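Working through the structure, step by step
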2 protein chains.
Amino acid sequence: MPLPSPPTRPALRARYEARRREVVATAAKLFAERGYAGTSMAELTAATGLAAGGLYHYIEGKDDLLIAICDELLEPLLERAREIVATEAPPVEQLRELVAAWVAHVVEHRHHMLVFTQERQAIERQPRWRHVRSQRKAFEKILDDVLARGEIDGSMTFADRRLSLFALLGMVNYTPQWVRPNGRLSPTEIADGYCAMVLADAPPS
Amino acid sequence: MPLPSPPTRPALRARYEARRREVVATAAKLFAERGYAGTSMAELTAATGLAAGGLYHYIEGKDDLLIAICDELLEPLLERAREIVATEAPPVEQLRELVAAWVAHVVEHRHHMLVFTQERQAIERQPRWRHVRSQRKAFEKILDDVLARGEIDGSMTFADRRLSLFALLGMVNYTPQWVRPNGRLSPTEIADGYCAMVLADAPPS
DNA sequence: TCGAAATTCGAAGATTCGTTCGGTATTTGC
DNA sequence: GCAAATACCGAACGAATCTTCGAATTTCGA
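Residues numbered from 1 in each chain as written. Chains lettered and ligands numbered in written order. Predicted model: local features only at pLDDT ≥ 70, side-chain atom pairs only at ≥ 80, totals over all residues.

When its secondary structure is counted, chain A shows ten helices and zero strands. If you line up chain A on its principal axes, its C-alpha atoms span 65 × 35 × 30 Å. Expressed as a percentage of the 205 residues in chain A, the buried residues total 38%. Within chain A, residue pairs in contact and separated by at least 24 positions form 69% of the contacts whose partners lie at least 6 positions apart. (Helix = DSSP H or I, 4+ residues; strand = E, 2+ residues; numbered from the N terminus. Buried ≥ 20, exposed ≤ 12 C-beta atoms within 10 Å, placed from the backbone. Contact = placed C-beta atoms within 7 Å.)

Following this line, the structure appears as structure tokens:
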């Protein structure tokens, strides 16, 4: 099983990378619509225009696509999140930036995100997915840390910080299920709304 | 293809119904852990103790299980929701009751709920799932109506009511992903926390 | 206790699916 | 323009899957 490798000749290399990204994007759309297991390679070949054999010049196998989709989703998001918390801005500002970037990201890559959500059980169970799993955990830790810093310096108040974190994860992760590109609300407005709900929470008097 | 029907003899009828519920519950657990398509009938037979052919006395086919799981999840929830909004309690109280019942339900049936979430694309796409789809929509409409009544009578304030609805759906639907039976927070505490976040939201001054 | 109903078995059937592989066409670098 | 690298094709294979079916066993009701 020779794993396909990018061509060494420079003129073809760019074309190869671009085509591979196309294939992954097409797969993300199909997987989001029909499910990973519910999408056959035959449907994928039809959607990409390639024939059965041609596909395997760009991917190792079907599950390679799933990993590529998750990586395209999590890697840039995690990088951006680390940039934001490296700032010296106060926690509340960092949280707003984080949620804004996060919402914008899942809206733009909503197909990726839908696949990530649907295949969560596979991701959490199989050892092969350790990397994806640790990226998800790293992102959630960044969020939790920001909330913790806000709680400590008194700029945020939570009845239960852990619950607020889970609520935020729920809101944002659910967004791709209903959001439409060029919908009524912009990603920024959505993010602001979410932040308001999380930050307005106060312990019962 | 003779569809399996409950026995007419009374003594066996109860046993049949019970066994069928067992099968559905086992399927819900496996599907939640491994995914619907990722679970083979062979694994199901192993988990139920029945042999391949024996299973088909209780179900029509694999997707029959999926419908049964969704029905067991949505039917009682929808019924309870209708009871609550038939009350004359003020909207805020109705909302608290709704969310409390809802959270308790998804926590208790978290396997069912995880399957429902994972197979959402199938449910929303295929005509066969019209019934499940309409139950989901009916429940969401009940929620939206309560929020609308609260907004009109001034007891609730939303920057954007639609967004608050989606946020609430996100929070609750995500709950099964992290909640543990006998965990630190009771379903009631979780529900109260969610309500506080949704109700505390106010338009920016 | 007897006959019919109900339950269970497990091997076989039919289909679907992911992947491979030999071959052909196209492109690149020299 | 030539040779080598690259891109692509599509039939075919092997494995895995869901479901069926006839037979064997158990259970119920009269």
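Now that the structure is up, let's keep going.
As a further point, take the protein's contact with DNA strand C. Around DNA strand C, the structure places 26 residues, and the nearest of them are Gly 53 and Gly 61 of chain A together with Ala 51, Gly 53 and Gly 54 of chain B. Listed by contribution, the elements that provide at least two residues to the surface near DNA strand C are helix H1 (10-34), helix H2 (41-48) and helix H3 (52-55) of chain A together with helix H1 (10-34) and helix H3 (52-55) of chain B. With four residues, H1 of chain B is the single largest residue contributor to the surface near DNA strand C. When its residues are assigned to classes, the surface near DNA strand C shows 14 nonpolar, seven polar and five charged. (Near = placed C-beta within 6 Å. Nonpolar A, V, L, I, M, F, W, Y, C, P; charged D, E, K, R; others polar.)

Moving on to the protein's contact with DNA strand D. Taken together, 26 residues are adjacent to DNA strand D, and Pro 7, Gly 53 and Gly 54 of chain A together with Gly 53 and Gly 61 of chain B come closest. Partitioned by chemical class, the residues of the surface near DNA strand D number 14 nonpolar, seven polar and five charged.

Glancing now at the packing of helix H4 (residues 62-86) of chain A against helix H8 (residues 130-152) of chain A. Residues and elements named next belong to chain A. As a packed pair, H4 and H8 sit with axes 10 Å apart at the nearest point and diverge in direction by 25 degrees. Classified by the angle their axes make, H4 and H8 are roughly parallel. Considering only the axes of H4 and H8, their crossing is left-handed. Across the interface between the two elements, Ile 67, Cys 70, Leu 74, Leu 77, Leu 78, Ala 81 and Val 85 of H4 pack against Val 132, Gln 135, Arg 136, Ala 138, Phe 139, Ile 142 and Val 146 of H8. Tallied by class, residues from the contact of H4 with H8 come to twelve nonpolar, one polar and one charged. (Axes fitted to C-alpha atoms, helices over the stretch in contact; angles between N-to-C directions. Parallel < 35°, antiparallel > 145°, perpendicular 65-115°, else oblique. Left-handed = near helix turned anticlockwise from the far one by under 90°.)

Given 3.6 residues per turn, any residue in an α-helix points the same way as the ones three and four places further on. Relative to the 20 Å expected for 14 residues at 1.5 Å per residue, helix H9 (residues 161-174) of chain B spans 20 Å between its end C-alpha atoms, a close match to the ideal helical length. Counting buried positions along H9 of chain B yields eleven of 14 residues, so the element is predominantly enclosed. Those residues of H9 of chain B that fall on the buried side of the exposure criterion are Leu 163, Ser 164, Phe 166, Ala 167, Leu 168, Leu 169, Gly 170, Met 171, Val 172, Asn 173 and Tyr 174 of chain B. Packed against the buried residues of H9 of chain B are helix H9 (161-174) and helix H10 (187-200) of chain A together with helix H5 (91-108), helix H6 (110-118), helix H8 (130-152) and helix H10 (187-200) of chain B. (Expected span 1.5 Å × (residues − 1).)

This part is about the relation of the copies chain B and chain A. The transform that puts chain B on chain A rotates by 180 degrees and translates by 0.0 Å along the axis, for an RMSD of 0.1 Å. Expressed as a symmetry operation, the mapping of one chain copy onto the other fits a two-fold axis. Of all interface residues in chain B, 100% are interface residues in chain A too; the two copies therefore contact each other through one and the same surface. (Least-squares fit on C-alpha atoms with pLDDT ≥ 70 in both.)

The next subject is the packing of H1 of chain B against H6 of chain B. Residue and element names in this part refer to chain B. Axis separation between H1 and H6 bottoms out at 8 Å; the angle between their running directions is 50 degrees. Classified by the angle between their axes, H1 and H6 sit oblique to one another. You can see that H1 and H6 cross each other, and the crossing is left-handed. Only His 111, His 112, Leu 114 and Val 115 of H6 make contact with H1, whose side of the interface consists of Ala 28, Lys 29, Phe 31 and Ala 32. A class-by-class count of the residues in the contact of H1 with H6 yields five nonpolar, two polar and one charged.

This part covers the interface of chain B and chain A. If you look at the interface, chain B gives 30 residues, while chain A gives 30 residues. Here the residues of the side of chain B that touches chain A are counted per class, giving 19 nonpolar, seven polar and four charged.

Here we take up H4 of chain A. Residues and elements named next belong to chain A. Between the first and last C-alpha of H4 there are 37 Å, a value that for 25 residues agrees with the 36 Å anticipated at 1.5 Å per step. The axis of H4 is deflected most strongly, by about 25 degrees, at Asp 71. What H4 keeps buried is the set Leu 65, Leu 66, Ala 68, Ile 69, Cys 70, Leu 73, Leu 74, Leu 77, Ala 81 and Ile 84. Elements that come into contact with the buried residues of H4 comprise H1, helix H5 (91-108), helix H6 (110-118) and H8. (Bend = angle between axes of the 7 residues up to and from the residue.)

Bringing the environment of His 57 of chain B into the picture now. Residue and element names in this part refer to chain B. Here His 57 is to be found in the loop between H3 and helix H4 (62-86). Overall, the presence of 14 C-beta atoms within 10 Å leaves His 57 in the partly exposed class. For the pair formed by His 57 and Arg 20, sequence separation is 37 residues and the distance between their alpha carbons is 9.0 Å.

Moving on, we come to the environment of Ala 100 of chain B. Residue and element names in this part refer to chain B. Following the sequence through the fold, Ala 100 ends up in helix H5. The spacing of Ala 100 and Glu 79 is 21 residues in sequence and 14 Å in space, taken between C-alpha atoms. Ignoring any residue separated from it by four or fewer positions in sequence, one finds Ala 100 in contact with Thr 188 and Ala 191.

All right, on to the environment of Arg 128 of chain A then. Structurally, Arg 128 of chain A can be placed in the loop between helix H7 (120-125) and H8. Sequence spacing of Arg 128 of chain A and Arg 110 of chain A is 18 residues, and the spatial spacing of their C-alpha atoms is 24 Å.

This is a description of form; function is not addressed.
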